[in-house]
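Chain and residue survey
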Amino acid sequence: MEKENATPNPRRDFLKKSSLITAVALTPTAAIKAADNQLDERIAQAIENVPCSIEINGTKHTMKIDPRITLLDLLRERLHLTGTKKGCDYGQCGACTVHVDGQRVNSCLTLAVMNDGKKVTTIEGLANGSELHPMQAAFIKHDGFQCGYCTPGQIMSAVACIREGHADNEGEIREFMSGNICRCGAYPNIVAAIQEVKKGGKNI
Amino acid sequence: MKQFQYIRSVSQKAAISAITQEPKAKFVAGGTNLLDLMKRHVMTPERLVDINKLPLRDIKEENKGLHIGALALNSTVAEHATIVKKFPLLAEALNAGASAQLRNMATVGGNLMQRTRCPYFYDTTTPCNKREPGTGCSALNGFNRMHAIFGATPHCIAVNPSDMNVALIALDASVQVSGPKGDRIIKMQDFHRLPGDQPEKDTILDKNELITAVTIPASTLTHNHYLKVRDRNSYAFALVSVAAGLNLDGKTIKVARLAMGGVAHKPWRLTAAEQSLQGKQVSIEAFQQAADIAMQGAKGYGHNDFKLKLAPNTIVEALKIASRI
Ligand SMILES: Cc1cc2nc3c(=O)[nH]c(=O)nc-3n(C[C@H](O)[C@H](O)[C@H](O)COP(=O)(O)OP(=O)(O)OC[C@H]3O[C@@H](n4cnc5c(N)ncnc54)[C@H](O)[C@@H]3O)c2cc1C
Ligand code: SF4
Ligand code: FES
Ligand code: FES
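Residues numbered from 1 in each chain as written. Chains lettered and ligands numbered in written order. Predicted model: local features only at pLDDT ≥ 70, side-chain atom pairs only at ≥ 80, totals over all residues. Heavy atoms only, no water.

So, the overall build of chain A
Along its length, chain A carries 9 helices and 5 strands. Ordered by position from the N terminus, the helices and strands of chain A form the series α-α-α-α-β-β-α-β-β-β-α-α-α-α. Relative to its full complement of 204 residues, chain A shows a buried share of 49%. Of the contacts formed within chain A by residues at least 6 apart in sequence, a portion of 54% connects residues at least 24 apart. Total accessible area on chain A stands at roughly 9,900 Å², and carbon and sulfur atoms take up 51% of it. (Helix = DSSP H or I, 4+ residues; strand = E, 2+ residues; numbered from the N terminus. Buried < 20%, exposed > 50% of the residue type's maximum accessible area, 1.4 Å probe, protein only. Contact = heavy atoms within 4.5 Å. Areas by Shrake-Rupley, 256 points an atom, 1.4 Å probe, with all protein chains shown as cover.)

This is how it looks when you write it as structure tokens:
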């Protein structure tokens, strides 16, 4: 104990500061105690977790989570919805694209706790039971992928691209799909798949 | 990511007091720049004040011009009917930035405050005065292809990476802010600063001040174009960009507005070049002359010497496209 107390403990400072404000749902006295007693990381962490409720593919998840967890990591690591991929983790590739309240976003650059009260749709939530979404079917028909790593992001982005009204011609599709990088270069086939769904005129 | 405390603020007042209490606190809006930098340990706030639940998303026309809430999304602004019609420079600049997904997350306030994309700023193993004051500038004699040709100092030669800022400065926008000491309005021209010997400061905004809105006076520009030159056609930062706006009476230029991006530590308004155009007939010669005036005082640092030629060419091209000659 002596030795530990001799060195400044950032966690302890942090927890003490935490206790000064009330906006986060943690019990201040418990937090201070945890810091003073040098409790192990995991316990202290549990105290700092933030309550949060997100509807994912129609199911409401109410949880307390570490604020550092991105929406992407929540989906993949906690909820095991591994359809959404992590390509870069920095907003540069689009592999992590999901819909939040109907809008396509990069789930790697938003904290899960920032999505409290929102509705998230991932690639797992796109099909209607065993019936593929028209965009999924079109990607298969047009060979819109090779390795498939970018595909869930491409499909989520493509659906939004049509819904937004940004799929009127090839040039517009390429511009508004530029946030989804395909290392295999399946672009011509991806564009063809989107054009077919768009021409099909279905309300997707 | 380093540990931080997360606060979801429900009122402007609470947000400002939450930021004021903690010296190492930051607001978070879309998160697209801040979280990127936090993952890389370039920024390490101890408290994040989430402002997304504040009612700052409205876009409305006022008799003096346009009011855009700080939390309005880049995509919402770019698609807004009034903005597309009356302030096309802003819509075009926003659509030229990032990707559809990022524009759905990025806010106007966050875009104003986004940090430079200088690779050394991102690389915590290299010296960088902006990240760690006093350590030196790795770009000065390093890989500086993306860097400034105007207003740089040996302390920092980085550029402001935003497209939106270039349009906003051309449109004479103002930034409304609110802080513990009250509210104030900052002209876009004064909002971002040159590096001087304090490159760690991008803007004159105080740490505890919240951006609440951007306002733009009614525009009389009849001919507009935002031209962005980059390494690939989409989803890349500008090498050089130009916002060109003209009020034309027949072929006569009554008003000219010009600003450049990718060339300085702040969006770079070309006032002298604007003046040279006023009253002139639209012509390649007049545009060329304006570009020559704009380039006075430009300086390359090696890898970015190509901008000394690219920048004036981009000015002429943007004016040509805007005036449709
Ligand atoms: C891969 C990629 C490509 C990109 N390409 C481009 C491009 O081509 N052109 C371009 O212009 N941009 C580009 N961007 C940058 C993007 O535009 C910015 O990340 C975005 O605008 C930041 O907005 P945000 O709301 O997400 O900010 P956040 O990340 O939430 O915040 C950024 C900063 O602003 C501060 N802040 C936010 N709101 C306020 C407020 N209301 N008051 C005071 N301070 C505030 C935060 O504290 C933080 O310091 C790109 C980004 C990525 C990841
Ligand atoms: S140019 Fe500025 S941001 Fe880049 S290394 Fe030099 S000091 Fe840092
Ligand atoms: S993993 Fe999110 S954009 Fe690459
Ligand atoms: S199919 Fe392999 S990355 Fe797109």
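We are not done yet, so read on.
Some points on the domain arrangement of chain A
Residues and elements named next belong to chain A. In terms of domain boundaries, chain A breaks down into domain 1 (50-125) and domain 2 (134-200). Using only C-alpha atoms to locate each centre, domain 1 and domain 2 end up separated by 21 Å. The interface of domain 1 with domain 2 comprises 14 residues on the first partner and 17 residues on the second. Interface of domain 1 and domain 2: buried area, both sides summed, is about 1,300 Å²; carbon and sulfur atoms make up 54% of it. On the domain 1 side of the interface with domain 2, the three residues burying the most area are His99, Arg104 and Ile123, jointly 48% of the side's total. Scanning the region where domain 1 abuts domain 2 turns up 1 salt bridge. (Domains from an automatic or database assignment. Buried area = accessible area lost by both parts, 1.4 Å probe. Salt bridge = Lys/Arg side-chain N within 4 Å of Asp/Glu carboxyl O.)

Digging into the site of ligand 1
What surrounds ligand 1 is a group of 37 residues, the closest being Phe27, Gly31, Thr32, Thr107 and Asp163 of chain B. This site is not confined to one chain, since residues near ligand 1 come from chains A and B. In the environment of ligand 1, a nitrogen atom lies 3.3 Å from a nitrogen or oxygen atom belonging to the side chain of glutamine 114 of chain B. The separation between an oxygen atom of ligand 1 and a polar main-chain atom of alanine 236 of chain B is 3.4 Å. Alone, ligand 1 offers 980 Å² of accessible surface; in the complex the protein occludes 97% of this. Here the shell around ligand 1 gets 4 residues from one element, more than from any other, and that element is helix 7 (residues 108-113) of chain B. (Near = heavy atom within 4 Å. Polar contact = N/O pair within 3.5 Å; in protein donor to acceptor, adjacent residues only side chain to side chain.)

Comments concerning the pattern of salt bridges
Residue and element names in this part refer to chain B. As enumerated under the stated definition, the model contains 24 salt bridges over all chains in all. With its nearest N and O atoms 3.3 Å apart, the salt bridge here joins arginine 257 to aspartate 172. Separated by 85 residues along the polypeptide, arginine 257 in strand 11 (residues 252-261) and aspartate 172 in the loop between helix 9 (164-170) and strand 6 (174-179) bring together distant segments of the chain. On the basis of relative accessibility, which here comes to 36%, the residue aspartate 172 falls in the partly exposed class.

Things to note about empty space enclosed by the protein
Following the criterion strictly, the structure yields 4 cavities of 30 Å³ or more and no others. Estimates place the volume of the largest cavity at around 80 Å³. When its residues are assigned to classes, the lining of the largest cavity shows 9 nonpolar, 6 polar and 1 charged. (1 Å grid on protein atoms, 1.4 Å probe; cavity = no way out; pocket = protein on both sides within 12 Å on 5 of 7 lines; lining within 4 Å. Points joined across faces, edges and corners; volume = space filled by probe spheres on them. Nonpolar A, V, L, I, M, F, W, Y, C, P; charged D, E, K, R; others polar.)

Observations regarding helix 9 (residues 187-200) of chain A
All names here are of chain A. With 14 residues, helix 9 extends 20 Å between its outermost C-alpha atoms, agreeing within 8% with the 20 Å of an ideal straight helix rising 1.5 Å per residue. Along helix 9, the positions that sit buried rather than exposed are Ile190, Val191, Ala193, Ile194 and Val197. Burial along helix 9 is one-sided: seen end-on, the buried residues are contained in an arc of 160 degrees. Exposed residues on helix 9 whose side chains face more than 90 degrees from its buried face are Lys199 and Gly200. In this structure, the buried residues of helix 9 make contact with helix 6 (134-141), helix 7 (151-164) and helix 8 (170-176). Glycine 201 sits one or two positions beyond helix 9 and adopts a positive phi of about 70 degrees. (Expected span 1.5 Å × (residues − 1). Arc of directions from axis to C-beta.)

A look at the sheet that holds strand 8 (residues 210-217) of chain B
Residues and elements named next belong to chain B. Reading across from one edge, 4-5-8-6-7 is the order of the 5 strands in this open sheet, with antiparallel pairing throughout. Edge positions in the open sheet fall to strand 4 (59-62) and strand 7 (182-187), since each of these has one partner strand only. This sheet shows a mean twist of 20 degrees between the axes of neighbouring strands, independent of strand direction. Strand direction decides the pairing type here: strand 6 and strand 8, joined by 5 bridges, are antiparallel. Within strand 8, the residue paired with glutamine 176 across the bridge is alanine 213. (Pairing = 2+ DSSP bridges. Axes fitted to C-alpha atoms, helices over the stretch in contact; angles between N-to-C directions.)

With respect to the side chain of asparagine 115 of chain A
For asparagine 115 of chain A, the position within the fold is in the loop between strand 4 (103-106) and strand 5 (119-121). Discounting chain neighbours no more than four positions away, the residues touching asparagine 115 of chain A are Ser53, Ile54, Leu71, Val100 and Thr110 of chain A.

Some details on the site of ligand 2
All names here are of chain B. Around ligand 2, the surrounding shell holds 14 residues, and the nearest of these are Cys118, Cys128, Cys137, Cys156 and Ile157. In this structure the site holding ligand 2 corresponds to the largest cavity. Of the residues in the shell around ligand 2, the class split is 9 nonpolar, 4 polar and 1 charged. (Sits in = over half its atoms within 2 Å of the grid points.)

Quick look at the nonpolar core
One finds Ile54, Ile65, Leu71 and Leu74 of chain A together with Leu48 of chain B to be the most contacted residues of the largest nonpolar core, which totals 46 residues. Looking at this core, the elements with two or more residues in it are strand 1 (50-56), strand 2 (59-65), helix 5 (71-78) and strand 3 (97-100) of chain A together with helix 2 (34-39) and helix 8 (119-122) of chain B. Once you skip the residues sitting within four places of it in the chain, leucine 71 of chain A turns out to touch Ile54, Val98, Val100, Ser107, Thr110, Leu111, Ala112, Asn115 and Val120 of chain A. (Core = buried A, V, L, I, M, F, W, Y, C linked by side-chain atoms within 4.5 Å.)

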